[in-house]
Amino acid sequence: LQAACAAGTGPIPTNASDKEKVQAAYRNWMFQWETAYDFVRDRLGERGATAFERSDVEALERANSGASVALLKAIWALAPGVGFGAFGKRMAFELQTFTPFSVTELSKQRVAVEIPRCEVLDDSGGEPTCLAGCQTIYPRFLREKFGVTMTTNRRGHACTVTLAPV
């Protein structure tokens, strides 16, 4: 697995623009995630893929367990609309990691983003990443950690993502 990941990734050029550096890092990340997921799924089948997805959810939970998340959850408990609004802003910011989009609604009850062309799906191995990451892992993580439903309405390479409190 390490050899396959190393063979498919490249260095991030030091003399490139910030945009080119981000694009290189994104390509490397996508390739490594896709390679690892395919490796596990090919060798361990659906049971292995499910375990991989569960492991990703757990990693997201660990990465989102700091003081800022505790503060957000405290605000949410005291003032649900304000807390969800702050959560929505945070998620809108974080989703930019994966692909460009437009926020079409950001309220105390709902966040909706419109993705006109998903960069994940533009990648040659993007289909399993969309199905596992966007449609399984992230919705499970958000439901378990924050009590938020995440729905995706995919139309080819376009998608609408909606977040709402349970």
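Here we summarise the structure given alongside this text. Bear in mind the structure is a predicted one, so any value in this text is a computation, not a measurement.

Interaxial distance between helix α2 (residues 18-63) and helix α6 (residues 126-146) falls to 9 Å at its minimum, and their mutual angle equals 30°. Taken together, the axis directions place α2 and α6 in an arrangement best described as roughly parallel. Relative to α6, the crossing made by α2 is right-handed. Touching Met30, Trp33, Glu34, Tyr37, Asp38, Arg41, Glu53, Arg54, Asp56, Val57, Leu60 and Glu61 of α2 are Gly126, Pro128, Thr129, Ala132, Gly133, Thr136, Ile137, Tyr138, Arg140, Phe141, Glu144 and Lys145, all from α6.

Now for the sheet that holds strand β3 (residues 148-155). Ordered by their spatial adjacency, four strands build an open sheet running β1-β2-β4-β3, and the pairing between neighbours is antiparallel. The open sheet has two edge strands, β1 (102-106) and β3, and neither has a second partner. Sheet twist, expressed as the average angle between the axes of neighbouring strands with direction ignored, equals 15°. In the sheet, β3 pairs with strand β4 (residues 158-165) via eight bridges, with the strands oriented antiparallel. Opposite arginine 154, over in β4, you have cysteine 159 as the bridge partner. Sheet contacts for helix α4 (residues 80-95): β1, β2 (111-115), β3 and β4; angle to β4, the most-contacted strand, approximately 155°.

About the thresholds
- Residues numbered from 1 in each chain as written.
- Predicted model: local features only at pLDDT ≥ 70, side-chain atom pairs only at ≥ 80, totals over all residues.
- Heavy atoms only, no water.
- Axes fitted to C-alpha atoms, helices over the stretch in contact; angles between N-to-C directions.
- Helix = DSSP H or I, 4+ residues; strand = E, 2+ residues; numbered from the N terminus.
- Parallel < 35°, antiparallel > 145°, perpendicular 65-115°, else oblique.
- Left-handed = near helix turned anticlockwise from the far one by under 90°.
- Contact = heavy atoms within 4.5 Å.
- Pairing = 2+ DSSP bridges.

In short, the description is geometric, and any link to function would need to be established separately.
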